[in-house]
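Here is what each chain is made of, one letter per residue.
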Amino acid sequence: MAGDFSGFVAGTYLRGMPYVQAPTSLLAMVDASIGGKTAINHAGAKNIVGLFNQPRAVVADIATLKTLPQRALVEGMGEVIKHALIRDADMLSTLEERLEDLLALEPELATGIIARNMALKGAIVSQDERETGGVRELLNYGHTLGHAFEAAGGYEALLHGEAVAAGMVAAGEIGRRVGVTPPDLVERQHALIERAGLPTKPPAGIDRERIRAALKMDKKIVAGGQRWVLLEGVGRPVVRADVPTAVVEAVLDELFRA
Ligand SMILES: NC(=O)c1ccc[n+]([C@@H]2O[C@H](COP(=O)([O-])OP(=O)(O)OC[C@H]3O[C@@H](n4cnc5c(N)ncnc54)[C@H](O)[C@@H]3O)[C@@H](O)[C@H]2O)c1
Ligand SMILES: [Zn+2]
């Protein structure tokens with residue numbers, strides 16, 4: 001939050017001044033500090049006023065993570081798992097082998113994984129800085145429903161990384177139903193998310209109508225209708241604009257029933 005806000009202020013104060021990101025949460029290190037998206041919330045809408053503003057540098061010291069609340073640490077794992085799923089099969093295997101060591105911040109492992117995530121996101125953003133050429137869109141894996149869950153929970157029930165985790169589980173299920181995602185990958189993703197202590201569905205009490213409304217809003221904003229990032233395999237995301245609403249509804253039914 002501090003990084004998104006200060007990046008925005010640095011980009012507008014005196015018509016812009018250089019700045020450096022020094023992230024202190026796992027989510028900010030592996031994701032939010034990289035890529036230049038900065039914004040503030042306004043009139044009840046998240047990130048509605050903002051700009052692309054690249055920092056001169058990003059400096060992350062994993063020692064700061066020692067004081068991070070456990071829930072915030074786990075939240076960051078949502079985006080780490082996302083990166084592995086869309087781009088890095090090796091990292092996915094490492095996460096499966098050493099997830100508990102990573103959550104315990106074993107220094108060499110944590111430094112390596114965080115650096116790898118920063119490089120991975122940096123490489124994607126460098127190819128498509130303003131999300132106009134396609135590849136940056138792949139980072140939205142789990143985010144179509146993730147954002148909807150987050151909004152439906154009034155930005156209180158779920159942290160961003162938690163909403164993304166539940167959104168990935170839902171996207172996996174959607175992918176399976178439209179014949180894109182192999183069932184064993186859906187299972188593998190579910191198991192890792194659960195093991196990390198992340199939610200696999202929106203919490204009880206979240207209003208389904210609010211999820212629908214948030215999805216509709218997303219559809220209006222994004223040119224070409226609702227676009228779903230789905231996984232054909234590990235490291236093989238595809239964007240599909242032809243997912244039937246009935247499939248999304250059926251997956252939501254399942255999440256709400258279970
Ligand atoms: N700009 C982007 O590209 C991008 C990408 C992903 C997420 N985000 C945004 O990032 C935000 C989530 O980031 P976050 O997880 O860092 O949440 P956050 O900034 O809300 O921080 C979580 C909590 O941890 C505290 N905290 C941070 N570092 C600490 C430390 N080292 N020790 C003790 N406490 C510490 C904070 O004060 C806060 O209470 C969301 O608003 C999300 O939308 C932005
Ligand atoms: Zn995200």
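Participant: Got a minute to help me understand the pattern of salt bridges in this structure?
Facilitator: Close approach of charged atoms lets side chains of opposite charge pair. Across all of its chains, the model carries 20 salt bridges by this definition. Here Arg188 ties to Glu96 by a salt bridge, and the two come within 2.7 Å at their closest N and O atoms. With a gap of 92 residues between them, Arg188 in helix 8 (residues 183–195) and Glu96 in helix 4 (residues 89–103) connect regions that are remote in the sequence. Overall, Glu96 belongs to the partly exposed group, its relative accessible area being 26%. Between Arg177 and Glu173 there is a salt bridge; the shortest N-O distance is 3.3 Å. Pair noted here: Arg177 and Glu173 are both in helix 7 (residues 160–177), with a separation of four residues, about one helical turn.

Participant: How should I be thinking about the site of ligand 1 in this particular structure?
Facilitator: Near ligand 1 you find 16 residues, and of these Met1, Thr24, Ser25, Lys46 and Thr67 are the closest. At a separation of 2.7 Å, a nitrogen atom of ligand 1 approaches a polar side-chain atom of Thr24. The separation between an oxygen atom of ligand 1 and a polar side-chain atom of Lys46 is 2.6 Å. Coverage of ligand 1 by the protein amounts to 68% of the 860 Å² it exposes when considered alone. Among the residues forming the shell around ligand 1, the class breakdown is five nonpolar, five polar and six charged.

Scoring rules and cut-offs
- Residues numbered from 1 in each chain as written.
- Chains lettered and ligands numbered in written order.
- Predicted model: local features only at pLDDT ≥ 70, side-chain atom pairs only at ≥ 80, totals over all residues.
- Heavy atoms only, no water.
- Salt bridge = Lys/Arg side-chain N within 4 Å of Asp/Glu carboxyl O.
- Helix = DSSP H or I, 4+ residues; strand = E, 2+ residues; numbered from the N terminus.
- Buried < 20%, exposed > 50% of the residue type's maximum accessible area, 1.4 Å probe, protein only.
- Near = heavy atom within 4 Å.
- Polar contact = N/O pair within 3.5 Å; in protein donor to acceptor, adjacent residues only side chain to side chain.
- Areas by Shrake-Rupley, 256 points an atom, 1.4 Å probe, with all protein chains shown as cover.
- Nonpolar A, V, L, I, M, F, W, Y, C, P; charged D, E, K, R; others polar.

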